[in-house]
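Single-letter residue listing:
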Amino acid sequence: MRTLLLETKLYLPRAPRGLVPRLRLAERLDRGTASKLTLVSAPAGFGKTTVLAEWLTARPLAGQNEGAVAWLSLDRDDNHPQKFWTYVIAALRTVAPEVGASALVLLDAQQPPPIQTVLTTLVNDIDAAANEIVLVLDDYHLIEAPELQAGMVFLLDHLPQRLHLVIVARADPALPLSRLRARGELVELRAADLRFTDDEAAAYLNGVMGLQLTAHDMAALEGRTEGWIAALQLAALSLQGRDDVAGFIAGFAGDDRYVVDYLVEEVVQLQSPPVQTFLMQTSILSRLSGPLCDAVTGQGGGKAMLEALDRGNLFLVPLDDQRRWYRYHHLFADVLRARLMDEQSIQLPDLHRRASAWYEQHGEHSVAIGHALAAADFERAADLVERAIPAMRRDRQEAIARGWLALLPDELIRKRPVLAVSYAGSMLTSGELDGVEARLLDAERWLDPPAAIPAQHDAHPGGMVVVDEQAFRRLPALIAVYRAAMALVRGDVAATTTFAKRSLEVVEPDDDLGRGAAAGLLGLASWTSGDLEAGYRSYADCLASLRRAGHIADTLGCAVALADIRLAQGRPREAMRTYRQTLDLASSPAGPVLRGTADMYVGMSQIHREWDDLPAATQCLLTSSEFGEHIGLPQNPYRWRVAMARIREAEGDFDGALELLDDAERRYIGDFFPNVRPVAASKARVNLRLGNVDEALAWAREQGLSVDDQLSYLREYDHITLARTLLVQYHRDRSELPIHQAIGLLGRLLDAAEQGQRTGSVIEILMLLAVSHEVSGNLLAGLVPLERALILAEPEGYLRTFIDEGRSMAALLAAVSGVAPNYVRRLLTALGSGGALDNATASDKADGSRLAHRQVLIEPLSERELDVLRLLATELSGPQIARELVVSLNTVRTHTKSIYAKLAVNSRRAAVRRAEELDLLSRRNR
């Protein structure tokens, strides 16, 4: 249910009564709908909002159907990305309910991804909307946060055709206006446009206000105000009932600020004392209603007073059709607050306290906290913040809570242990480790020795204050969890384990969330250290606790960890069951799609690829994309691209794989999960398949890798990649040192992986040992590790791990006797059927060119190479082929070079002729 605050922010203002028709401005605004942005920029009081309200009111009457209007009135409090974009989406959903649901899920995430990800899904939703939309952002000058400006630039750069943006501001926003202007994508209304012309001023003063001024008087007043609408309005109100009109106008002078001060004094002083008092006391409110005004002023009759002010056009703007909520004209409110400060400043704290109490009673805790802070009533503000923190944590709004806590005096937080720990948690969530321990110590001094829970607002000087007693009881476990998290971020696995175990020892029996957090951190510590089975058990406990707590969305992140661990243990079938069971749990036809759903499909894709089912692997990634990255965990964009790169690699599109891995590397966001498969190492592996040995060696030097390194699970993938690099270096240089180093390193890696029961690594290492012996000419020695690998791999259906090794693996498998015969035949079939040898290493390709004159290619062309070959047989140029296949020109050149090598030719014409001889242009080679 929308809050009162949100309803008033989204209310489309109606055109005030008695407007002067301004067709010239309406025509300009009509033209603006064909551009990306309409900017209405002018100082306060130039009628920006009124002009837009008039235009929007008139459009349906004129039979225009350019789209529905979404309106958002902005405040200074909206300078937080989550709040700002949530309100923007809420405004859009008033006219297009189908828009933005997925973006809201992302904004509520504990670690929201870059705002570009949020806006991308929002743009896609708007593109699919049924109607055109005009989005108006009123009072945009109040938005100053650089990250919000950057998001707006992104939105403008990718603005869907169905959306037209209107910005209303007192100053030019920090947007690329000159670029938009040069492209014809910007329509502007500025102060010079908004000023009343002589005819409009006359129509307003004499027609609307009924002043019957002479032409001379109107010209004088117009000259003094320079068409400034607010000043004219204030002057007209002051002139009503005056006899000495000429004298008033003659004395009307000065710059804008003094003019406004003078006129407001005239308007306010003409009101009765009760009205003046009401105006000043309620000026502290950004929005006004009868009951709220009664609470703040301590008087009755607030509703009647607001209605009277509305009828008198006294700078009151209605915010809903029922006229229950209003706001003062901003300029008028500014002056009223200045008068309040000058004349009744002693009342300000009490007025804010009353407003805070009213908002608290009506469930608007954020506004209540704001007024308590404005009153400098920090004790009350602290009470409200402490009560609000559980909901803020549940809704993942720690950043907003952090802003409140930062405004409270430090000495107050130190005597409130719940606030101190909450402050520490909000700092940790934002990645700010410095100062976390100090906050935890502030809280811990009240816990050691354990203190009895005091009464609220302990009267003892400097005594502890607790409002949320349940939160206080849970502090020991929460403090230990935060210390475990800090230790994990710093790489101290032992300390992580110690603190996580301590948390589990002291956690309250009914605190399932606390128990789940501690178990999760314990699992992460074990996983990071390579003790996978212990990590799995702890993560399973974490998932069960979160499920009991009802946090189903968080269980999806646990499922990713559990599946990753099972894959490292060489158990892809169990990993697949984990993904599928979690999807079943998360699926609810009536409920929202849970964050993490997209990650389930990315994980399943990786398993399908290992099982050599590339169509299923690709379909899983397409399904993940349909959900969108916003339905994924923070690592989803990175993991998706790595998975797609592996598919491209299996298809023989190595350049495409490298492009995806480059993108994945840019999108990697560090989290608590151990980075056991760094993208840089995966790129080195693809470079090896392209024959780029020097680039792989450069990667190894950059990482400081050596065959003599102390081995660890975190670098196991790196060291296996180093062994691969040495093997290819040996094949290229025929130097004995690299092969000996590779075999020695692989032996040490095998011992470590077997000790850690990391069967996934054991299979790969055994296979590489077999290949090492084969390439060095000792095929029989290679059969021993290969047969061990086959015995481990067969029950889990491993295929691509063997297939990707190409010709060397084919030679080894052909020599295997008596071990897993059906499995070996299946691997040999796959190796010889267009999905394996076509993806062989560069060294294999050199050998293949010698055999290419056979009528059946030993090294068949990949599917993508066949596509390129068919286009080579046409008149298309290289760049045209690239465009046809939607790849880079460099990728086309790489495929062409590979085609030439496999066909043993050195020109395009010869390649086409050879392809015709082998009937490759009319069929897929098998």
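Given the structure is predicted, the values throughout are model-derived calculations rather than measurements. (Residues numbered from 1 in each chain as written. Predicted model: local features only at pLDDT ≥ 70, side-chain atom pairs only at ≥ 80, totals over all residues. Heavy atoms only, no water.)

*Asks:* If you had to explain the overall build of the protein chain to someone new, which residues and values would you point to?
*Replies:* A tally of regular secondary structure across the protein chain gives 50 helices and seven strands. For the protein chain, buried positions account for 55% of its 926 residues. Only carbon and sulfur atoms are counted for the fraction: they give 52% of the accessible area of the protein chain, which is about 39,300 Å². (Helix = DSSP H or I, 4+ residues; strand = E, 2+ residues; numbered from the N terminus. Buried < 20%, exposed > 50% of the residue type's maximum accessible area, 1.4 Å probe, protein only. Areas by Shrake-Rupley, 256 points an atom, 1.4 Å probe, with all protein chains shown as cover.)

*Asks:* Go over the sheet that holds strand 5 (residues 186-190), please, and point to the residues and values.
*Replies:* Read across the open sheet, the five strands follow the order 2-3-4-1-5; overall the sheet is parallel. Of all strands in the sheet, those with a lone pairing partner are strand 2 (68-73) and strand 5, marking the two edges. For this sheet, the mean angle separating the axes of adjacent strands, direction not counted, is 15°. Summarising the sheet, strand 3 (residues 133-138) and strand 4 (residues 163-169) pair through five bridges and their orientation is parallel. Among the inter-strand pairings, Leu137 is bridged to a residue of strand 4, identified as Ile167. (Pairing = 2+ DSSP bridges. Axes fitted to C-alpha atoms, helices over the stretch in contact; angles between N-to-C directions.)

*Asks:* So what about the packing of helix 27 (residues 475-489) against helix 29 (residues 512-529)? Which residues, and what values?
*Replies:* One way to put it is that helix 27 packs onto helix 29 with a least axis distance of 10 Å and a crossing angle of 25°. Between helix 27 and helix 29, the angle is such that the two are roughly parallel. Crossing hand, helix 27 versus helix 29: left-handed. Contact residues: helix 27 offers Val481, Ala484, Ala485 and Leu488, while helix 29 offers Gly514, Ala517, Ala518, Leu521, Leu524 and Thr528. Residue composition of the contact of helix 27 with helix 29, grouped by class: eight nonpolar, two polar and no charged. (Parallel < 35°, antiparallel > 145°, perpendicular 65-115°, else oblique. Left-handed = near helix turned anticlockwise from the far one by under 90°. Contact = heavy atoms within 4.5 Å. Nonpolar A, V, L, I, M, F, W, Y, C, P; charged D, E, K, R; others polar.)

*Asks:* Please provide a residue-by-residue account of the nonpolar core, values included.
*Replies:* Formed by 134 residues in total, the largest nonpolar core has its most connected members in Leu205, Leu309, Tyr328, Leu408, Leu419, Trp527 and Tyr539. Each residue touching Trp527, except ones within four places of it in the same chain, is listed here: Leu532, Gly535, Tyr539, Ala561, Asp564, Ile565, Phe673, Pro674 and Tyr713. Core analysis: the next-biggest nonpolar cluster, separate from the first, contains 53 residues, Trp699, Tyr717, Ala753 and Ala830 among them. (Core = buried A, V, L, I, M, F, W, Y, C linked by side-chain atoms within 4.5 Å.)

*Asks:* With reference to specific residues and values, describe the packing of aromatic side chains.
*Replies:* For the coordinates displayed, the defined rule picks out eight aromatic pairs. The structure contains a cluster of three or more aromatic residues connected by ring pairs, namely Trp325, Trp358 and Tyr359. One Lys or Arg, Arg566, reaches over the ring of Tyr536 and ends 3.4 Å from the middle of that ring. (Phe/Tyr/Trp six-rings, centres within 6.5 Å; stacked < 30°, edge-to-face > 60°. Lys NZ or Arg CZ within 6 Å of the ring centre and 35° of its normal.)

Any functional reading would require information beyond the geometric quantities listed.
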